[in-house]
Structure formats: structure tokens, C-alpha cells
Amino acid sequence: MLIEPFKQLITRIDEQIHQKKILLAVSGGVDSMVLLALFTGLPDECRPNIEVVHVNHHLRQESNEEEKFVKEYCHQLGVICHCKEWLECHHPLNNLEAAARDMRYAFFAKIAKEQNCDYVVTAHHGDDQAETILMRLVKGSQFRNLGGIQTVTHRANGLTVCRPLLIFSKEMIYEFAKAQNIPYREDQTNQITTYTRNRYRLQVIPNLKQENPNLLEHIQNFSRQIGYANEVIESVIEPLLADIVISKKVTCWQLDVTKLLRESEAVRYFILVEIMQQALVEKGVSINERQLSAVLSLLTAQKGQGVIQLSAGWVFKKRYASAFLMIASDTSDSNERVSEPYQLSVGENLFLSDKEWVTLVSAGETVIFPEKCQGWQRWELAVSSDSQKYPLMITRRQPGDKMIYNAQGQRKKIKRVLIDQKVPKEDREKIWVVRDAQQEISGIIPIKKSYLSIITETDKIHYRLIYLKGES
Ligand SMILES: Nc1ncnc2c1ncn2[C@@H]1O[C@H](COP(=O)(O)OP(=O)(O)OP(=O)(O)O)[C@@H](O)[C@H]1O
């Protein structure tokens, strides 16, 4: 019952699929095991070259058994399986799920690149879609994101992710697994209702399905309509942007207020959403509806000047006929120094400014640098795997900050270190420091490492914080 629609969808996604190589993300659960069976069961004329990728997160007791199961099953099928272990000592204290997802996709990207795969394929299905859209709606979301999970997406790192099971419900997947005797492992944590997604899965969606059994089909239609609406909005907004955005630097966008105010309220709203998306959201800085409303009110207000604080040190500044969306530290006004820290999880990377890029990776992990960073000066800091230290923060130095500078644990003021290192006074305010969860400073970027960041022989597993600086 799934075979024919699956085959049709796959050939619609890519007519040349039989000449392509795909990397299937298989957790060992029913969805990804069915996905594997559907792909391996395709007739020659539409079956791609298949390899499997599995991550053992060491988050549950059964993790090792699941890894063994996936490996052995692939071995029986004659399919190559790439595995990675995410050891407990690498788990951060906070945002564990998000960190697991980040490292998972980083590993998928690495293997896909190494193996020249055209697609990474995951087993997201129709119920995942319904949960995602409803959760976003209830939590508060930008309109553009209400389309939920897309069948094919292209990530900034060049990875193309494909999700061909979105057209099927979880129930259909279970039935297929049963009918075809497909083995799988059940994740017991799916039953824990303290996780928001599980509450939607176990309580909200079943209730809504009772209201209307066609819920998933209607949500899939809704997702398609949002996709169309987004295309229409983009076609209106894109040409206007070129006229309204006067200049565009990584940490500062200048806008023409007069031209922006010529547009209707609705168009103005979506122009701002698009600008925020490109300038902030794509760099991992979130923006909420309250901040957007504040920006819109400032734009239309009688007063010619004003500033709205956004997130992660960004501000929206109105200066009569111009407005600036910028990192406050970009100005000479020291009152607007960035005080909000950047939180850096493993696998994450960000531009601190136009010419400064930073990432945190596991030791031995391949680092994918952004294109614009080629030839930049590089500085590296080893960070021990002590989980008490996470999450790491990249912040401006605060008055009175000190760091350990010798084996005896003596501390020196950062200001003194900067003077000793002959850092000019005007540059001292722009210095970034790496601060751990216990507020200890492990390094002044890219000036000096704390004694704490010297890794001992016995402490082999650690992370690398890599900082690149371009010429100013
Ligand atoms: N440990 C894993 N190893 C390999 N693939 C995995 C693993 N965990 C999840 N996947 C892939 O991702 C799909 C979605 O899994 P899951 O719903 O748990 O992800 P998620 O946490 O919702 O993250 P996201 O939706 O962002 O991918 C799975 O069907 C499978 O294809």
C-alpha cells in the first residue's frame, strides 16, 4: 500500500534518482526501518545507490543495542552503514536535544560530503508534520514557518535533505512494517509526556483526529497553501528590498525609512520580517512578534529618533530618514556595548562580527569553514570535556573580570593581561572572552589562553573552539 505512492513520489522528486547516491538516516525506529525497506525494494529503474548513517547518542540504555541492530541489519542487506558515537562526556548540560540534533546533522553532512551523496533522506512522516505545525502555532511562530517540514530542503552547508514519508501517517507505517515483517526498535522515551512533542503525539493529535479523521490530509494541504503564500509574499517583497535596503553589512543594515513608509502596513510588515530573517535569524538570532511590533511602531512614530533592543546585542535604530539594524558594538557609543552573551553549543558556528567567525567542535571533527573565511587568521582553544563547563558563552569582557594564569591558580585581571599584551586602549573594549557555565574565563580571544584551557594527558577527549579573524 505504500510502495506505489512512494515510487511515484521519489521519481517526481528526482527523475534521475536511479543515477544518484543517497544517505539514509536510520535510527532503528519503525519509520526509518520502513524507509530503508521502501528504498531497497524499489525496482532497478528508480533505485538509487543507498548508504546508511546512524548516530548512537548514548542517551538511553538501549542505544548500544540499537546501533548493533542497525549495523547488523545493513550488513545482511549488503548496505554500507556509517556510525558515530556521541559519548556521554560530550553531552552538554543544557539543550541536550538541540545539541544532539546539531551534531547528528553535522555528521550527516560530513558523511554525505565524503561519500558524494546527492541527498540525505530522513523518515519524517505525516504525524511529525502535524505535530510540528500545531506546536509552532501554539508556541508562536512566524507565518513563513507554519508550512512545517518541507519534502526537500537545501541547507546552507550544501546538504540537500529529502523526507519522502511525509505523505504517510504513522499508522500506515506501522501497518506496513507489520505486513512486511520489518524489524525495528521502539523508543520507550516516546511515551514520556513531560516532552512537549510527546504530549502532542499522544494526546493532542489523537483528540484532533477524533474531531476529524482527515486531520493529516488537511494539515498537509495547509502546509502546501502556506508554501504557495510564502512564494507570493516573496515575489512582492524581493523587488522592494533592493530599493529599501541602502547598504548591507554582516553586522549593520541601513534602510530607507521614507521608502519603507510608502508601503502599506502589510507589505511593510513582511519587508521587515524578510530583513530580520536575512540579517538575524539566518545567523541563529531569534526575533519575536513583540520586537517586530516595537520596530514597526518606532518606524511610524512622529519622533525622528529611537532605539529598540533586539536579541544577542542587535538593535534597531531610527535616525530620521534612515534606520539601522545593527550590532550595538558597531557604534562608537559605549552605552550600546553588547552585553548579551552568545551561547555556543557543539557543532554550532556564528559570525561575531563581519570579520570574526567562531565555532565549537569535538576534537578530531572535520570543520567546515564558511566560504568567506578563506585565508583568515586562525586561533584555537582546547576546552576540556568536563560537562560542568557547558554551555560556553562568548561575551564582551566585564569590568573586574579575571582569569587563571598559572598552575598555582593565581588570577590576573583581564585588563592587566591586555595591557601586558600591549593591546591598544581603543581595542580593549572590543575584546571577546570565552566564559564557561561556572563563569570562569578560559580565554581572551585571540590574545591569551587561561591556564584552565591547558588539557592534561589524561583528559584526552575535548572540544576545539576555533576562531577566525579576517583583515580589517
Ligand atoms: N540516531 C539517529 N541516527 C540516524 N538517523 C536518525 C537518528 N535519529 C533520528 N534520525 C533521523 O531523523 C528522523 C527524525 O527523527 P526525530 O523525529 O527523532 O528527529 P527530531 O528530533 O524531530 O529532529 P528533526 O525533525 O530536526 O530532524 C528519523 O526518522 C531518522 O531518519
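Small disclaimer: the values here were computed from a predicted structure and weren't measured.

The rules behind these values
- Residues numbered from 1 in each chain as written.
- Predicted model: local features only at pLDDT ≥ 70, side-chain atom pairs only at ≥ 80, totals over all residues.
- Heavy atoms only, no water.
- Domains from an automatic or database assignment.
- Buried area = accessible area lost by both parts, 1.4 Å probe.
- Salt bridge = Lys/Arg side-chain N within 4 Å of Asp/Glu carboxyl O.
- Nonpolar A, V, L, I, M, F, W, Y, C, P; charged D, E, K, R; others polar.
- Helix = DSSP H or I, 4+ residues; strand = E, 2+ residues; numbered from the N terminus.
- Expected span 1.5 Å × (residues − 1).
- Buried < 20%, exposed > 50% of the residue type's maximum accessible area, 1.4 Å probe, protein only.
- Contact = heavy atoms within 4.5 Å.
- Polar contact = N/O pair within 3.5 Å; in protein donor to acceptor, adjacent residues only side chain to side chain.
- Axes fitted to C-alpha atoms, helices over the stretch in contact; angles between N-to-C directions.
- Parallel < 35°, antiparallel > 145°, perpendicular 65-115°, else oblique.
- Near = heavy atom within 4 Å.
- Areas by Shrake-Rupley, 256 points an atom, 1.4 Å probe, with all protein chains shown as cover.
- pLDDT = per-residue confidence, 0-100.
- Bend = angle between axes of the 7 residues up to and from the residue.
- UniProt positions renumbered as here; feature names shortened; annotations may be inferred.
- Pairing = 2+ DSSP bridges.

Visitor: Tell me about the domain arrangement of the chain, residues and numbers included.
Guide: Quoted interface sizes are often the accessible area lost when the parts come together. In terms of domains, the chain is made up of domain 1 (3–222), domain 2 (253–335) and domain 3 (341–469). Measuring from the centre of the C-alpha atoms in domain 1 to the corresponding centre in domain 3 gives 35 Å. Buried surface at the junction of domain 1 and domain 3, both sides included, amounts to about 1,200 Å², of which 57% is carbon and sulfur. Together, Cys 89, His 90 and Leu 93 form the three largest contributors to the area buried by domain 1 at its contact with domain 3, with a combined 37%. At the boundary of domain 1 with domain 3, the tally comes to one salt bridge. Of the charged contacts in the structure, one is a salt bridge between Lys 84 and Glu 365, with a shortest N-O distance of 3.2 Å. Split into classes, the residues belonging to the side of domain 1 that touches domain 3 amount to three nonpolar, four polar and three charged.

Visitor: Lay out helix α5 (residues 126–139) with the relevant residues and their values.
Guide: The terminal C-alpha atoms of α5, which comprises 14 residues, lie 20 Å apart, in line with the 20 Å expected from a rise of 1.5 Å per residue. For α5, the tally of buried residues reaches 10 of 14 residues, placing the bulk of the element in the interior. The complete set of buried residues in α5 reads Gly 126, Asp 127, Asp 128, Gln 129, Ala 130, Glu 131, Thr 132, Ile 133, Leu 134 and Met 135. Here the buried face of α5 lies against α6 (170–179), α7 (196–211) and α8 (215–244). Just beyond α5, the residue with positive phi is Gly 140, at close to 105°.

Visitor: Can you explain the side chain of Ser 311? Please cite residues and give values.
Guide: Mapped onto the elements, Ser 311 comes out in the loop between β9 (305–309) and β10 (314–319). Under the relative-accessibility criterion, Ser 311 is labelled buried at 16%. At a separation of 3.1 Å, a polar atom in the side chain of Ser 311 contacts the main-chain carbonyl oxygen of Ser 286. Among the polar contacts listed, one links the side chain of Ser 311 to the side chain of Gln 291, at a separation of 3.3 Å.

Visitor: Before we move on, can you summarise the packing of α5 against α7 with the specific residues and values?
Guide: Two elements in contact, α5 and α7, have axes whose closest approach is 10 Å; the angle formed by their N-to-C orientations is 100°. When the axis of α5 is compared with that of α7, the two are roughly perpendicular. Each of Asp 127, Asp 128, Ala 130, Glu 131, Thr 132, Leu 134, Met 135 and Val 138 in α5 lies in contact with α7, whose residues at this interface are Arg 197, Tyr 200, Arg 201, Ile 205, Leu 208 and Lys 209.

Visitor: Pulling in residues and values, what's your account of the site of the ligand?
Guide: Taken together, the neighbourhood of the ligand is formed by 14 residues, with Ala 25, Val 55, Arg 101, Tyr 105 and His 124 sitting nearest. Between Ala 25 and the ligand, the recorded distance is 2.7 Å, taken from a backbone N or O atom to an oxygen atom. A distance of 2.8 Å separates an oxygen atom of the ligand from a polar atom in the side chain of Arg 101. Expressed as a share of its isolated accessible area of 610 Å², the protein-covered part of the ligand is 80%. Those elements that place two or more of their residues in the shell around the ligand are β2 (49–56) and α4 (96–114). Its residues assigned to classes, the shell around the ligand shows seven nonpolar, five polar and two charged.

Visitor: Please set out the confidence of the model for the chain residue by residue, giving values where relevant.
Guide: Confidence in the prediction for the chain averages 89 pLDDT; 95% of positions are at 70 or higher. Contacts of residues 331–339 to residues separated by more than four positions or lying in other chains number 14 contacts, the stretch itself having pLDDT below 50.

Visitor: I'd like to hear about the packing of helix α2 (residues 30–40) against helix α3 (residues 63–77), residue by residue, with values.
Guide: Axes are the key here: two packed helices are described by the angle between their axes and the distance separating the axes. Interhelical geometry of α2 versus α3 gives an angle of 10° and a closest axis separation of 13 Å. When the axis of α2 is compared with that of α3, the two are roughly parallel. Residue-level contacts link Met 33, Leu 36 and Thr 40 of α2 to Phe 69, Tyr 73 and Leu 77 of α3. Here the residues of the contact of α2 with α3 are counted per class, giving five nonpolar, one polar and no charged.

Visitor: Lay out α8 in plain terms, naming residues and giving numbers.
Guide: Relative to the 44 Å expected for 30 residues at 1.5 Å per residue, α8 spans 41 Å between its end C-alpha atoms, a close match to the ideal helical length. The largest bend in α8 amounts to roughly 30° and is located at Ile 237, with the proline Pro 239 lying one to four residues further along. Residues of α8 that are buried include every one of Leu 215, Leu 216, Ile 219, Ser 223, Ile 226, Ile 237, Leu 241 and Ile 244, and no others. Buried residues in α8 make contact with α5, α7, β7 (245–249), β8 (252–256), α9 (257–262) and α10 (265–279).

Visitor: So what's going on with the UniProt feature "binding site: ATP" (unreviewed entry) in the chain? Which residues, and what values?
Guide: In the numbering adopted here, UniProt assigns the feature "binding site: ATP" (unreviewed entry) to Ser 27, Gly 28, Gly 29, Val 30, Asp 31 and Ser 32. Among the structural elements, Gly 28 can be located in the loop between β1 (21–25) and α2. Non-local contacts of Gly 28, meaning those with residues more than four positions away in its chain, are made with Met 33, Phe 69, Val 70, Tyr 184 and Arg 185. Of note, Gly 29 is situated in the loop between β1 and α2. Under the relative-accessibility criterion, Gly 29 is labelled buried at 17%. Ignoring anything within four residues of it in the chain, the contact list for Gly 29 reads Tyr 184 and Arg 185.

Visitor: Quick one: what's the story with the sheet that holds strand β19 (residues 432–435), residue by residue and with numbers?
Guide: Sheet strands pair via backbone hydrogen bonds, and the direction of the pair is either parallel or antiparallel. Within the open sheet, the five strands sit side by side as β12-β16-β19-β20-β21. Their pairing is antiparallel. Sheet topology places β12 (342–344) and β21 (448–449) at the edges, where each strand pairs with a single neighbour. Across four bridges, the pairing between β19 and strand β20 (residues 441–445) is antiparallel. Bridge assignment links Trp 432 to a residue of β20, and that residue is Ile 445.

Visitor: Go over the pattern of salt bridges, please, and point to the residues and values.
Guide: Within this structure, the stated rule accounts for 24 salt bridges. The closest approach of N and O atoms between Asp 44 and Arg 47, which form a salt bridge, is 2.9 Å. Residue classification places Arg 47 among the partly exposed residues on the basis of a relative accessible area of 30%. Put simply, Arg 60, Glu 62, Glu 66 and Asp 187 are held in one network by salt bridges that share partners.

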